[in-house]
Amino acid sequence: MDTLAEILRAMRLSGGVFLDAEFTEPWCIRSQVEPEDCHQFMRMPPRLIAYHYVVEGRLTLSLDGQPPMEAHEKQLLVLPRNDAHLLGSTLNAAPADAGALIEPAGEDGLGRIRFGGGGTRTRILCGFLGSENSNDPLVASLPPIVKLDLHDRLTGPWIEGSMRYAASEVTSGGEGASANLARLAELLFAEAIREYLKALPPQQMGWLAGLRDPYVARALALMHGHPGQPWTLDELAQHAGLSRSAFSEHFVRLVRVSPVRYLTRQRLQRAADRLRQSGVPISRIADEAGYESEASFTRAFKREFGTAPGAFRRQQGHV
């Protein structure tokens, strides 16, 4: 079982590449994916993951509270929480606003930036992944920046070409183009996470450590992939390949919460997203979340969020 693939599938990711940017030294910009960057692909999703793929040259990325990170040709920088950040050949200059520099999309469907002082050139492709899950533990557990080096792999030119082709297909209405573009971005995101997991120290605890552990990972894949299934602790332990007590102890040690409590939180967080984003009847959302009745779902939801599902929905702007 590919646990990470199961969890990414459960996140219902979609996205696109929206910008081809060319900079010449010296340059510095302030950047963050905005709603208008997403409009040709989707409405603004609750969760955005931004990324920059360096086609040529090099740059430095900086965001508040983090040391600057350098990247060069065939490296991918992922910002799991779409934090506002600076990009540049130097970060000491007053930054220009990236949004104000974007030119209208060309025939290939990509907006463009051409900016800088005329020196050495850097080119990047910028994109995003959107998720309907606003509180996904994977995104919450990742650092603000994740870097993936593709320089020693044979995929660099293929990635750039695939991004451009899929973007042009989106503009021309090519069937399945948006899905292909999102799939490419998802594959790159997954690869970046895999590389990050490999670099974690052996003593690391927390959700990502659970993802790396073969026993806990099997249970996480099941809980994220099929959250409405009426899982029992015995069933999860059996799928994990441990006794009930050993599995529970293993899970708590790594993830810092019991398996049953973790599953309950995931079900209710997903239910909250459904209430926030749709007008689907509460009884149906309760069923999707694995509750036998609307009443039992309402009690659990109120314990978690301090308000009943109907009141929560009204607070979010849905009638």
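These lines cover the structure that appears in this document, whether it is placed above or below. (Residues numbered from 1 in each chain as written. Predicted model: local features only at pLDDT ≥ 70, side-chain atom pairs only at ≥ 80, totals over all residues. Heavy atoms only, no water.)

**Quick look at the overall build of the chain**
Which entries qualify depends on this criterion: The secondary structure listing takes helices from DSSP runs of H or I that are at least 4 residues long and strands from runs of E that are at least 2 residues long, numbered from the N terminus. Residues are treated as being in contact if the distance between any of their heavy atoms lies within 4.5 Å. Where accessible areas are quoted, they stem from the Shrake-Rupley method and a 1.4 Å probe; at the residue level, only the protein chains shown are allowed to cover.
The helix and strand tally for the chain stands at 14 helices and 11 strands. Within the chain, counting contacts between residues at least 6 apart in sequence, those at least 24 apart form 75% of the total. Only carbon and sulfur atoms are counted for the fraction: they give 49% of the accessible area of the chain, which is about 14,800 Å².

**Details of the sheet that holds strand β2 (residues 28-31)**
Put simply, the rule reads: One bridge is not enough; two strands pair if DSSP finds at least two bridges between them.
The mixed open sheet is built from 5 strands, whose spatial order is β5-β4-β7-β2-β8. One side of each edge strand has no neighbouring strand; the edge strands of this open sheet are β5 (69-72) and β8 (96-97). The sheet contact formed by β2 and strand β7 (residues 85-88) spans 4 bridges and is antiparallel. Bridge pairing links Cys28 to Gly88 in β7.

**Here's the deal with helix α1 (residues 3-11)**
As a reminder, the rule being used: Only protein chains enter the calculation, and the probe is 1.4 Å; a residue is then buried if its accessible area is under 20% of its type maximum, exposed if over 50%, and partly exposed in between. This arc describes the spread of directions from the helix axis toward the C-beta atoms.
Residues of α1 that are buried: Thr3, Leu4, Ile7, Leu8, Ala10 and Met11. End-on, the buried residues of α1 take up no more than an arc of 160°, which puts them together on one face. Positive backbone phi, at 55°, marks Arg12, one or two positions downstream of α1.

**Brief notes about the sheet that holds strand β3 (residues 47-56)**
To keep things clear, this is the line we draw: Working convention: axes come from line fits to C-alpha atoms, limited for helices to the stretch in contact. Angles between N-to-C directions cover 0 to 180 degrees.
Taken in spatial order, the 6 strands make up an open sheet running β9-β1-β10-β3-β6-β11, and their pairing is mixed. Edge positions in the open sheet fall to β9 (111-116) and β11 (146-149), since each of these has one partner strand only. Ignoring which end each strand starts from, the neighbouring axes of this sheet average 20° apart. Pairing geometry for strand β6 (residues 75-79) and β11, over 4 bridges, is antiparallel. Directly across from Leu77, in β11, lies its bridge partner Lys147.

**Some points on the packing of helix α8 (residues 214-225) against helix α9 (residues 233-240)**
Defined as follows: Note on terminology: angles under 35 degrees are roughly parallel, angles over 145 are roughly antiparallel, angles of 65 to 115 are roughly perpendicular, and the others are oblique. A clockwise turn of the near helix away from the far one marks a right-handed crossing, whereas an anticlockwise turn of less than a right angle marks a left-handed crossing. Each residue gets one label: Ala, Val, Leu, Ile, Met, Phe, Trp, Tyr, Cys and Pro are nonpolar, Asp, Glu, Lys and Arg are charged, and the others, such as Gly, are polar.
Between α8 and α9, the least distance of the axes is 8 Å, while the angle of their chain directions is 125°. The angle between α8 and α9 falls in the class oblique. For the pair α8 and α9, the crossing hand works out as right-handed. Counting all contacts with α8, which are made through Tyr215, Arg218, Ala219, Leu222 and Met223, the residues of α9 involved are Leu236, His239 and Ala240. Tallied by class, the residues present in the contact of α8 with α9 amount to 6 nonpolar, 1 polar and 1 charged.

**Let's talk about the side chain of Thr3**
Using the following cut-off: We call two N or O atoms a polar contact when they sit within 3.5 Å, provided that within protein one can donate a hydrogen and the other can accept it, with sequence-adjacent residues counted only if both atoms are side-chain atoms.
Relative to the assigned elements, Thr3 resides in helix α1. By relative accessible area, Thr3 is classed as buried at 9%. In terms of polar contacts, Thr3 uses its side chain to reach the backbone carbonyl oxygen of Ala217, at 3.3 Å. If we ignore the near neighbours within four places in the chain, the residues touching Thr3 are Leu211, Ala217, Arg218, Leu220 and Ala221.

**Section: the nonpolar core**
As a reminder, the rule being used: In these notes, a set of buried Ala, Val, Leu, Ile, Met, Phe, Trp, Tyr and Cys residues joined through side-chain atoms within 4.5 Å is what counts as a nonpolar core.
In terms of nonpolar packing, the biggest core is built from 50 residues, with Leu138, Phe189, Trp207 and Phe251 touching the most fellow members. Top contributing element to this core by residue count: helix α6 (residues 177-198), with 7 residues. In this structure, Leu138 is in contact with Leu4, Ile7, Leu8, Met11, Phe189, Ile193, Trp207, Leu208 and Leu211, ignoring residues within four places of it in sequence. One finds Leu19, Leu61, Leu77 and Ala96 within the second-largest nonpolar core, a separate group that totals 24 residues.

**Overview of the environment of Ala140**
With respect to the helices, strands and loops of the structure, Ala140 is situated in helix α4 (residues 137-141). According to the relative accessible area criterion, Ala140 is exposed, its value standing at 52%. Here the alpha-carbon distance between Ala140 and Trp207, two residues 67 residues apart in the chain, equals 9.3 Å.

**Side note on the pattern of salt bridges**
To keep it simple, the criterion reads: Any carboxyl oxygen of Asp or Glu that lies within 4 Å of a side-chain nitrogen of Lys or Arg is treated as forming a salt bridge with it.
Evaluated as defined, the whole model comprises 11 salt bridges. Here Arg114 and Glu22 are joined by a salt bridge, their closest N and O atoms 3.9 Å apart. Here Glu22 lies in strand β1 (residues 14-24) and Arg114 lies in strand β9, a separation of 92 residues in the sequence. Since its relative accessible area comes to 37%, Arg114 is described here as partly exposed. A salt bridge links Glu195 to Lys198; the nearest nitrogen and oxygen atoms lie 3.2 Å apart. Here Glu195 and its partner Lys198 are both found in helix α6, 3 residues apart, which amounts to about one turn of the helix. Judged by its relative accessible area of 25%, Glu195 falls in the partly exposed class. Judged by relative accessible area, Lys198 falls into the exposed class, the value being 64%.

**Looking at unusual backbone geometry**
Going from Glu25 to Pro26, the amide bond is cis rather than trans, its omega being -10°. Mapping Pro26 onto the fold places it in the loop between β1 and β2. Phi at Asn82 is positive, roughly 50°, even though this residue is not glycine. Relative to the assigned elements, Asn82 resides in the loop between β6 and β7.

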